[in-house]
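Okay, here's what each chain looks like letter by letter:
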Amino acid sequence: MAKKEKDTDVEESGSKNVSNDSLFKDERIRFTIGLFLILLGFYFFLSFFSFLFTWKVDQSIEWVSIFSSADQKVGNWGGKLGASLSNQFINHWFGISVLAFPFIFMVLGLKLLKFIRGRVTKFVFKVLLGILVGSLTLGFLFKDLGGYLGSGLGGAHGLCVSEWLSSIVGKIGAAFIVLIALVAYIIYILPKSLYHFQSGTYYLFKTIGDLLKSGKQKEVNSDKHDKVDVGQVDVEKEPAQTSDGNHIDELDDVYDETDNAEDSDIELDIDKPIDFEESVTKTITESEIEDNFTIERNEEKEVAISEINEQELYDPTLELSNYQKPLIELLEDYKNTESPVTNEMLVENKNKIVETLSHYKIQIDKIKATIGPTVTLYEIVPAPGVRISKIKSLEDDIALSLSALGIRIIAPIPGKGTIGIEVPNQYPEVVSMHSIIKSQKFQECKYDLAIALGKTISNEIFILDLAKLPHLLVAGATGQGKSVGLNAIITSLLYKKHPSEIKFVLVDPKMVELTLYNKLERHFLAKLPDAEEAIITDTQKVIYTLNSLSVEMEERYKLLNLAKVRTIKEYNQKFVARRLNPNNGHRYLPYIVVVIDEFADLIMTAGREIEMPLGRLAQKARAIGIHLIIATQRPSTNIITGVIKANFPARIAFRVSSMVDSRTILDTPGANNLIGRGDMLVSAGSDLVRVQCAFVDIPEIERITDFIGNQPGYPHAYELPEYVPEGQDSPIDIDLKRRDELFEDAARLVVQTQSGSTSLIQRKFSIGYNRAGRIMDQLEAAGIVGPADGGKPRQVLIVDEVSLERILNTLSVD
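Thresholds applied
- Numbers given for residues are sequential positions, taken from 1 along each chain in its written order.
- Whole-chain, interface and lining totals are the exception, using all residues; otherwise, since this is a predicted model, local features are given only for residues with pLDDT of at least 70 and side-chain atom pairs are given and counted only at 80 or more.
- As a rule here, side-chain values cover all heavy atoms of the structure and leave hydrogens and water aside.
- A helix here means a DSSP run of H or I that spans at least four residues, while a strand means a run of E at least two residues long, and both kinds are numbered starting from the N terminus.
- In this scheme, a residue with accessible area under 20% of its type's maximum is buried, one over 50% is exposed, and one in between is partly exposed, where area comes from a 1.4 Å probe on protein chains only.
- For this analysis, residues touch if any pair of their heavy atoms sits within 4.5 Å.
- Only the protein chains shown count as cover for residues, and the accessible areas themselves come from Shrake-Rupley with a 1.4 Å probe.
- Only residues above 30% relative accessible area that lack a salt bridge enter a patch, with like-charged residues linked at up to 9 Å and the nonpolar side chains Val, Leu, Ile, Met, Phe, Trp and Tyr linked at up to 5 Å.
- The term salt bridge refers to a side-chain nitrogen of Lys or Arg lying within 4 Å of a carboxyl oxygen of Asp or Glu.
- Each Phe, Tyr or Trp ring, with Trp reduced to its six-membered ring, pairs with another whose centre is within 6.5 Å; inter-plane angles below 30 degrees give stacked pairs, above 60 give edge-to-face pairs, and intermediate values give tilted ones.
- By nonpolar core we mean a set of buried residues, namely Ala, Val, Leu, Ile, Met, Phe, Trp, Tyr and Cys, connected to one another through side-chain atoms within 4.5 Å.
- Paired strands are those between which DSSP finds at least two bridges.
- The axes used here are C-alpha line fits, helices contributing only the stretch in contact, and every angle between their N-to-C directions lies in the interval 0 to 180 degrees.
- Regarding the arc, it is the one traced by the directions from the helix axis to the C-beta atoms.
- Here the expected length of a helix is defined as 1.5 Å per residue gap, with one fewer gap than residues.
- Only four residue types enter the charge count, namely Lys and Arg as positive and Asp and Glu as negative; His and the chain termini do not.
- In plain terms, the charge of a residue is placed at NZ if it is Lys, CZ if Arg, CG if Asp and CD if Glu.
- Oblique is the label for every angle not falling under 35 degrees (roughly parallel), over 145 degrees (roughly antiparallel), or within 65 to 115 degrees (roughly perpendicular).
- Each helix crossing is assigned a hand: it is left-handed if the near helix lies turned anticlockwise from the far helix by less than a right angle, otherwise right-handed if that turn is clockwise.
- Each residue gets one of three labels, nonpolar for Ala, Val, Leu, Ile, Met, Phe, Trp, Tyr, Cys and Pro, charged for Asp, Glu, Lys and Arg, and polar for the others, Gly among them.

*Asks:* Go over the overall build of the protein chain with me, naming the residues and quoting the values.
*Replies:* Each helix and strand counted, the protein chain has 29 helices and 15 strands in total. Split into buried and exposed, the 814 residues of the protein chain put 45% on the buried side. At a minimum sequence separation of 6, the contacts of the protein chain that also span at least 24 residues come to 67%. Approximately 43600 Å² of the protein chain is accessible, and the part contributed by carbon and sulfur atoms is 55%.

Quick look at the structure:
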């Protein structure tokens, strides 16, 4: 009987919950309540806002007199009720911070009206927390003013809590607590503000440290002056005027102490190489006391410098020492509340696989399931005597029995004595880039160029080292995840590397996929010296850029040859250790990652002009840190040629339409059986790995690029060497009688600015790159500028406008 009553209670409570849910599912009720909440929020806001101006009259209104004494007048826009509520909220509770309180009602109303998607609980929590923090801050700042400013701005809550804190930890301690609470709240609601607080704190402590150092240095210098000023001491000055060697030795001892004291305070700017000769000359000059004495300490100084050379290392990140890597909070965390596969589904699929195989008289000894984010792997151990090829031929039959989109059979699984059957999950799981970047495996990864692609079938984070691949080919049909895959690769490198360590060359013929990264121009992008945009969209500029990268490759190989090393890693280690002299042309070499989207379009328009420099880079560029990532949606043999396949051992295949395309990319079928939406096969060696690509959306990329772009960067993008095509007209072949109409204006501009830059002419006269380049060649032929010097502006040979006008007049006469 009791059990029946219990069942009845459960049914009644369940019916109540259903009725409540159905109540809010009614569109009429949702609209009515939502509109009421929006209007209620407006009423509260108008009442609170008008109370700021009518508080002297409104604060006399009591709750009891709201519905009585109709003759009583108030100035509040919300009437007596609004005046009473405002007085209670502002004076008696939380001060003017409650102006944010009405927005809670407005947002809840908009949520019911379906103008806002997603949860609003975090917004409500932020507003309530902000009211408390604001009340405390204003109460502490204005508590000593008295009157309305003392109590009204922070309210009774802020006044009481601040007085309580001051009584316990004193005013200074209370100020620290309030400051920490305010800063913590600002960082919580605005994660990007963390960078500004860190920069401000760094500059504050740096300024204090510099002031302390300068004061200490003045004291040391004054002490040295007292010791060294021998002209004021007759006893020490007399031996200097004699030839007695003993006296001179004693004076040398005094100078030894001075030099040693000075050496202990030497500070080196490790952002640039140490100039040893300048250091020695400066120390000797400061050590000169009288004209009659010269002190030489070359041997001792060399020892000191060698010790500094071993201890001080060159820091390539010093120029942007305040750079902060993107915060993990900038990425969206797509939390999956439910498992993609239930136990019932696993048992059902297992029985169907066993039943299908038994129809063909294939017995299995064991079966095991591994649940992944997109597919579930069923590993089966066939009975002795069963041929693997027989199971592999039943791929379509198993797919029919499981009613799956398409299955993939791995026979056998490399390294295991089992056969794998990959079955797509009915409800795929979203693999967020947030979970990948936040993982311990990625954070502790020591790869030179770590790219995080996603999760494997066994839910393991899949990371590759682009420096060892060394190039990557990405292919797949339209809409299957190529662009998301490229964004995941770029994002993982942005989270791992400093701008001084890596540069990107982005090629986007579609003009829409990679333009989001334009904001990174002064941090991470590389371009031609005269290029206006860092993202390359013009086919002709792509050809110039690839050939410019070939020039960069040859220059880097020459540097490696001079340094007697084989790889860029060894070269940079030697340069950081200050074993390479920058005066001999050595420099720190960042990695260069070339990302080409829609490679098929470039091949169709340029053909061999693209393939030749690309093939050279693919064959030779790995040792000097230039790595290629090309993507195409047409994996045909005329696009992915033998030269490209031979030099791109690492490949990623998203879903393709046919087995032929899969064989073109991976040299094996399988990509035609993928389910799309980021499902991919990765071939980084001999084995194929099925990976669910990490999802990073456009708003996340915008937040990352804004975060990096708002930080101080380099003066300009990393400039590649200037490329001069073979067969281009030399200056002597240019006919100066057919000068450009902007020739004279450009000549005057170049002489006035003393800068022979093609991009300067391009910007000032709003002309194209090719026309600006022809004008620069004409200026060279006229003897106004010198020849091209790599990526640097040309040397201006004319120093004044008088000489320029003489040349222009001569050209006009001719």
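Right, picking up where we left off after that structure.
*Asks:* Give me the lowdown on a nonpolar patch on the surface, citing residues and values where you can.
*Replies:* Together, Phe31, Leu35, Leu39 and Phe42 line one region of the surface with nonpolar side chains, adding up to about 400 Å² of accessible area. On the secondary structure map, Phe42 appears in helix 2 (residues 27-58).

*Asks:* So, the pattern of salt bridges: which residues are in play, and what are the values?
*Replies:* Within this structure, the stated rule accounts for 25 salt bridges. A salt bridge links Asp448 to Lys569, with the nearest nitrogen and oxygen atoms 3.6 Å apart. Of this pair, Asp448 sits in the loop between helix 17 (440-443) and strand 5 (450-456) while Lys569 is found in helix 20 (residues 568-576), placing the two residues 121 residues apart along the sequence. Given the relative accessible area of 42%, Lys569 is considered partly exposed. The shortest N-O distance in the salt bridge between Arg748 and Glu744 comes to 3.8 Å. With a gap of 4 residues between them, Arg748 and Glu744 both fall in helix 26 (residues 743-753), about one helical turn apart. Overall, the relative accessible area of 30% leaves Glu744 in the partly exposed class. Connected through shared salt-bridge partners, Arg408, Glu422, Asp679 and Arg690 make up one network.

*Asks:* How would you summarise unusual backbone geometry if you had to cite specific residues and measurements?
*Replies:* Negative phi characterises most residues that are not glycine, and trans characterises most peptide bonds. In the segment running from Leu469 into Pro470, the intervening peptide bond is cis, with an omega of -5°. Within the secondary structure, Pro470 is located in the loop between strand 6 (461-465) and strand 7 (472-475). In this model, Arg578 sits at a positive phi of 60°, which is unusual for a non-glycine residue. Here Arg578 lies in the loop between helix 20 and strand 10 (591-596). Arg578 sits in the buried class, given a relative accessible area of 13%. With phi around 65°, Asp667 is a residue other than glycine that occupies positive phi space. Position of Asp667 relative to the elements: it lies in the loop between helix 24 (659-666) and strand 13 (679-683).

*Asks:* Tell me what's going on with the packing of aromatic side chains, and back it up with residues and numbers.
*Replies:* Tallying each qualifying case throughout the model produces 20 aromatic pairs. Taking the centre distance of 5.1 Å and the plane angle of 85° together, the rings of Tyr314 and Phe575 count as edge-to-face. Here Tyr314, found in the loop between helix 12 (298-311) and helix 13 (343-359), pairs with Phe575, found in helix 20; they are 261 residues apart in sequence, far enough to count as distant. By the burial criterion, Tyr314 is buried, and Phe575 matches it. By the ring-pair criterion, three or more aromatic residues cluster together here, those being Tyr43, Phe44, Phe48, Phe89, Trp93, Phe94, Phe101 and Phe105.

*Asks:* Give me the lowdown on the nonpolar core, citing residues and values where you can.
*Replies:* Counting residues in each nonpolar core, the largest one holds 105 residues, and the members touching the most others are Leu472 and Phe504. Element by element, the count of residues in this core is highest for helix 19 (residues 539-563), at 8 residues. Not counting chain neighbours up to four residues away, the residues in contact with Phe504 comprise Ile490, Leu493, Leu494, Phe524, Leu525, Ala526 and Val593. Counting 22 residues, the second-largest nonpolar core is a separate cluster that includes Leu736, Phe743, Ala746 and Val750.

*Asks:* So what's going on with the pairing of strand 10? Which residues, and what values?
*Replies:* With respect to burial, strand 10 is a largely interior element, 6 of its 6 residues being buried. Burial of the side chains of strand 10 extends over both faces: Tyr591, Val593 and Val595 are buried on one face and Ile592, Val594 and Ile596 on the other. With 5 bridges joining them, strand 10 and strand 11 (residues 626-632) adopt parallel strand pairing. In the sheet register, Ile592 faces strand 11, and the bridge partner there is Ile626.

*Asks:* Any chance you could break down the sheet that holds strand 4 (residues 419-424) for me, citing the residues and the numbers?
*Replies:* If you walk across this open sheet you meet the 4 strands as 1-2-4-3, and the pairing is antiparallel. Looking at strand neighbours, the two that pair on one side only are strand 1 (364-371) and strand 3 (408-410), the edges of this open sheet. Neighbour-to-neighbour, the strand axes of the sheet open up by a mean angle of 20°, direction not taken into account. Summarising the sheet, strand 2 (residues 375-382) and strand 4 pair through 6 bridges and their orientation is antiparallel.

*Asks:* Lay out helix 20 with the relevant residues and their values.
*Replies:* Those residues of helix 20 lying buried are Ile568, Tyr571, Asn572, Lys574 and Phe575. In an axial view of helix 20, the angular spread of the buried residues amounts to 160°, which keeps them on one side of the axis. Taken together, the buried residues of helix 20 touch helix 19 and strand 10. Phi turns positive, to about 60°, at Arg578, one or two residues after helix 20.

*Asks:* So what about the environment of Glu501? Which residues, and what values?
*Replies:* In this fold, Glu501 is placed in the loop between helix 18 (482-496) and strand 8 (502-507). Taking the C-alpha atoms as reference, Glu501 lies 8.8 Å from Ile592; in sequence the two are 91 residues apart. With sequence-adjacent residues up to four places away left out, Glu501 is seen in contact with Tyr588, Pro590 and Tyr591.

*Asks:* Residues and numbers for helix 18, please.
*Replies:* Between its first and last C-alpha, helix 18 extends 21 Å over 15 residues, near the 21 Å set by a 1.5 Å rise per residue. The buried fraction of helix 18 amounts to 13 of the 15 residues, a majority that puts the element mostly inside the structure.

*Asks:* Could you give an account of the pairing of strand 7, naming the residues involved and the relevant values?
*Replies:* Taking every second residue as pointing to the same face, both faces of strand 7 are buried, with Leu472 and Val474 on one and Leu473 and Ala475 on the other. The pairing of strand 7 with strand 11 spans 4 bridges and is classified as parallel. Looking at strand 11, one finds that Leu473 is bridged to Ile630. Bridging between strand 7 and strand 12 (residues 650-653) involves 4 bridges; their strand directions are parallel.

*Asks:* I'd like to hear about the side chain of Ser757, residue by residue, with values.
*Replies:* Tracing the backbone shows Ser757 in the loop between helix 26 and helix 27 (758-765). Classification of Ser757 by relative accessible area gives buried; the value is 12%. Apart from residues lying up to four places away in sequence, Ser757 is in contact with Asp530, Met776 and Pro793.

*Asks:* Report on the sheet that holds strand 14 (residues 688-693), specifying residues and quantitative values.
*Replies:* One open sheet holds the 9 strands; their spatial order is 6-5-14-13-12-7-11-10-8, and the pairing between them is mixed. Of all the strands in the sheet, the pair left with one neighbour each is strand 6 and strand 8. Averaged over all neighbouring strand pairs, the angle between strand axes comes to 30°, with direction disregarded. Direction of pairing for strand 5 relative to strand 14: antiparallel, over a ladder of 3 bridges. Its bridge partner being in strand 14, Gly454 is matched across the sheet by Cys693. Strands strand 5, strand 7, strand 8, strand 10, strand 11 and strand 14 of the sheet are contacted by helix 18, whose axis makes an angle of about 130° with strand 5.

*Asks:* Which residues make up a positive patch on the surface, and what values go with them?
*Replies:* Together, Arg119, Lys122, Lys335 and Lys438 line one region of the surface with positive charge. For Arg119, the location among the structural elements is in the loop between helix 4 (102-112) and helix 5 (121-141). Overall, Arg119 belongs to the exposed group, its relative accessible area being 80%.

*Asks:* Outline the packing of helix 13 against helix 15 (residues 395-402), supporting the account with residue identities and numerical values.
*Replies:* Between helix 13 and helix 15, whose axes approach to 9 Å, the crossing angle comes to 140°. Comparing their axes, helix 15 and helix 13 come out oblique. The handedness of the crossing between helix 13 and helix 15 comes out as right-handed. Within the contact between the two elements, helix 13 uses Asn349, Lys352, Ile353, Thr356 and Leu357 and helix 15 uses Asp397, Ile398, Ser401 and Leu402. In terms of residue class, the contact of helix 13 with helix 15 is built from 4 nonpolar, 3 polar and 2 charged.

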